[in-house]
Amino acid sequence: MAQDSSMPKPGKQHGSGSSTQGPTCLQKMSVATYIYFIPFFIVCNLLCFTNKYTAVLWLLYTIYINVGPGKWASKNASWPKLFRKLSWWKHCADYFPTQLIKTADLDPDQRYIFVVAPHGVVTMFCWPCFDTDATDFSTKFPGIDIHPMTLEINFKIPFMREFLLLHGVVDASKSACLMTLGKGSGQAILLAVGGAQESLLARPGTYDIVLAKRKGFVRIALQTGAKLVPVIGFGENELYNMREVQPGSMRDKLQRFLKAAFGFTLPNAVGKGLLYGSGLMPFQRPLHVVVGAPVEFDPSAALKDNPEAGLDQLVDAYHAQYVAALKQLWNDNKDKYGSGRRKSLDIVE
């Protein structure tokens, strides 16, 4: 593995500044664009009902994107990434600040599945590093066409759907994984496999991961020939403080309902206010996002050791190799970027 020689140097480059200075107005607004885009677009949809003509247009378009031909856009990664390289997002990267750290080259003739951890409250580190080009992903990994994935429900809502598609985001369904990776060499998807359950475990100083039973991404890798790439977002769990939720409380019941019904939940997290006090804005703490080397898995070697092995055994073997690579990536970087940790990376579920 070759350490990336393009790591930021002191100065104004992204990810190198000090978080002791207060963020600029532009940095706050750029981060707020990400933090508040869901409620903003929900309000935009509600405003469509203030007029009967816009209400009819909204209904027709909603039908088109949910049951008509428009539903495929979130699966086949066909939209141009017009928003991905907006300079606006560099202010978002500088807010924390954010570093994207490459430890190995990626062959553009291969396909990849980036598997990120920890999920954190809002998976903030993914936005400046993978959903946008704010930390120079395209320069560090030339020839890799990455498509971050999120819940399918996000693409059923007008305006929010278009915002995500124009950043290259697609839904996290199996069909979307297969269609996107099936486009050919250099294609990559990004998954936060810990999901809603892992978001509830986010605590400053901890790296509790939900991974032991999450194996769908491994099946996709075997089916498409894609290589798994471990990614650790050091600092993600430092961005919010978490208030404990009493088991059986209304908050606990709401979290469980949302997770079961929609695949997301609302962690009882608190950060900074947009202007002052407490609120939904993340604390200004450094993010170091380390991209590991792709996991080299040889199915023929696994079958040679166990000729009777079926698909489940191959999945288990590949999953174990990925877990080992993730732990090695942690051990190689925890002292450089996780000095404030209270415990080591732990696969708790």
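The structure we're discussing is the one just above.
Residue positions are given per chain, counted from 1 along the sequence in the order it is written. Restriction of local features to residues with pLDDT of at least 70 applies here, the model being predicted, together with a cutoff of 80 or more for giving and counting side-chain atom pairs; totals for whole chains, interfaces and linings are based on all residues. Computation of side-chain values covers all heavy atoms of the structure but excludes hydrogens and water.

Novice: Before we move on, could you go through the sheet that holds strand S4 (residues 170-171) and cite the residues and values that matter?
Specialist: A strand pair is defined by DSSP finding two or more bridges across the two strands. Numbering goes from the N terminus for both helices and strands, where a helix is a DSSP run of H or I of at least four residues and a strand is a run of E of at least two. What the seven strands build is an open sheet, ordered S1-S11-S7-S2-S5-S3-S4; its pairing is mixed. Looking at the sheet topology across the chains shown, the edges are occupied by strand S1 (98-102) and S4. Relative to strand S5 (residues 187-191), strand S3 (residues 145-150) runs parallel, the two sharing four bridges. Its bridge partner lying in S5, histidine 147 is registered against isoleucine 189. Here, two residues are considered to be in contact whenever any of their heavy atoms come within 4.5 Å of each other. An axis is simply a line fitted to the C-alpha atoms; with a helix, the fit covers only the stretch in contact. Between two such axes, the angle follows the N-to-C directions and lies from 0 to 180 degrees. In this fold helix H11 (residues 216-224) packs onto strand S2 (112-117), S5 and strand S7 (227-234), with an angle of close to 165° to the strand it touches most, S2.

Novice: Quick one: what's the story with the packing of H11 against helix H14 (residues 311-337), residue by residue and with numbers?
Specialist: One can describe the packing of H11 onto H14 by two numbers: an axis separation of 9 Å at closest approach and a directional angle of 110°. With respect to H14, the axis of H11 lies roughly perpendicular. Along the contact surface, H11 presents Phe217, Val218, Arg219, Ala221 and Leu222, while H14 presents Leu311, Asp312, Leu314, Val315, Tyr318, His319 and Tyr322. Angle categories: roughly parallel below 35 degrees, roughly antiparallel above 145, roughly perpendicular from 65 to 115, and oblique for all the rest.

Novice: I'd like a description of the pairing of S1, backed by residues and values.
Specialist: Think of it in three bands: with a 1.4 Å probe and only protein chains considered, a residue is buried below 20% of the maximum accessible area for its type, exposed above 50%, and partly exposed in between. A large share of S1 lies buried, amounting to five of its five residues. For S1 and strand S11 (residues 287-291), the ladder comprises five bridges, and the chain directions are parallel. Its bridge partner being in S11, threonine 98 is matched across the sheet by leucine 287.

Novice: Could you give an account of the nonpolar core, with specific residues and numbers?
Specialist: Throughout, nonpolar core names a set of buried Ala, Val, Leu, Ile, Met, Phe, Trp, Tyr and Cys residues whose side chains join them through atoms within 4.5 Å. Counting 48 residues, the largest nonpolar core has Phe114, Phe130 and Val231 as its most contacted members. Each residue touching phenylalanine 130, except ones within four places of it in the same chain, is listed here: Arg84, Leu100, Phe114, Val116, Phe125, Phe137, Ile146, Pro148, Leu190, Val231, Val289 and Val291. By size, the runner-up hydrophobic cluster in this structure holds 37 residues, among which are Leu191, Tyr207, Tyr318 and Leu329.

Novice: Any details on the side chain of serine 173? Residues and values, ideally.
Specialist: Looking at the element boundaries, serine 173 is found in the loop between S4 and helix H9 (174-181). Serine 173 sits in the buried class, given a relative accessible area of 14%. Polar contacts, as used here, are pairs of N or O atoms within 3.5 Å; protein pairs need one atom able to donate a hydrogen and one able to accept it. Residues neighboring in sequence count only if both atoms are side-chain atoms. A polar side-chain atom of serine 173 sits 2.5 Å from a polar atom in the side chain of aspartate 171. At a separation of 3.2 Å, a polar atom in the side chain of serine 173 contacts the main-chain amide nitrogen of alanine 176. Here serine 173 is in contact with Lys75, Met149 and Glu152, once residues within four sequence places are set aside.

Novice: Before we move on, could you go through empty space enclosed by the protein and cite the residues and values that matter?
Specialist: Here a cavity is any set of points on a 1 Å grid over the protein atoms alone where a 1.4 Å probe fits but cannot get out, and a pocket is any open set with protein on both sides within 12 Å along at least 5 of 7 lines; a residue lines the site when it has an atom within 4 Å of a point. Grid points are joined across faces, edges and corners, and a volume is the space filled by probe spheres set on the points. Scanning the entire structure with this criterion turns up two cavities of 30 Å³ or more. In this structure, the largest cavity spans a volume of roughly 40 Å³. Forming the boundary of the largest cavity are Val115, Val116, Ala117, Val193, Gly194, Glu198, Ile209, Leu211, Tyr322 and Leu326. Per element, the largest residue contribution to the lining of the largest cavity is three residues, and it comes from S2. Of the residues assigned to the lining of the largest cavity, the class counts are eight nonpolar, one polar and one charged. For the second largest cavity, the calculated volume is near 30 Å³. Around the second largest cavity, the lining residues are Ala73, Ala77, Ser78, Trp79, His147, Leu165, Gly168, Val169 and Val170. Broken down by class, the residue content of the lining of the second largest cavity amounts to six nonpolar, three polar and no charged. Charged residues are taken to be Asp, Glu, Lys and Arg, nonpolar residues to be Ala, Val, Leu, Ile, Met, Phe, Trp, Tyr, Cys and Pro, and polar residues to be all remaining types, Gly included.

Novice: Report on the state of the cysteines, specifying residues and quantitative values.
Specialist: For this text, the term disulfide refers to a pair of cysteine sulfurs within 2.5 Å. Using the criterion set out here, one finds zero disulfides in the structure. Cysteine 48 supplies the cysteine sulfur nearest to cysteine 44, a cysteine that is in no disulfide, at a spacing of 7.6 Å. This cysteine, cysteine 92, is not joined by any disulfide, and cysteine 129 carries the nearest cysteine sulfur, 9.2 Å off. Cysteine 92 sits in the buried class, given a relative accessible area of 0%.

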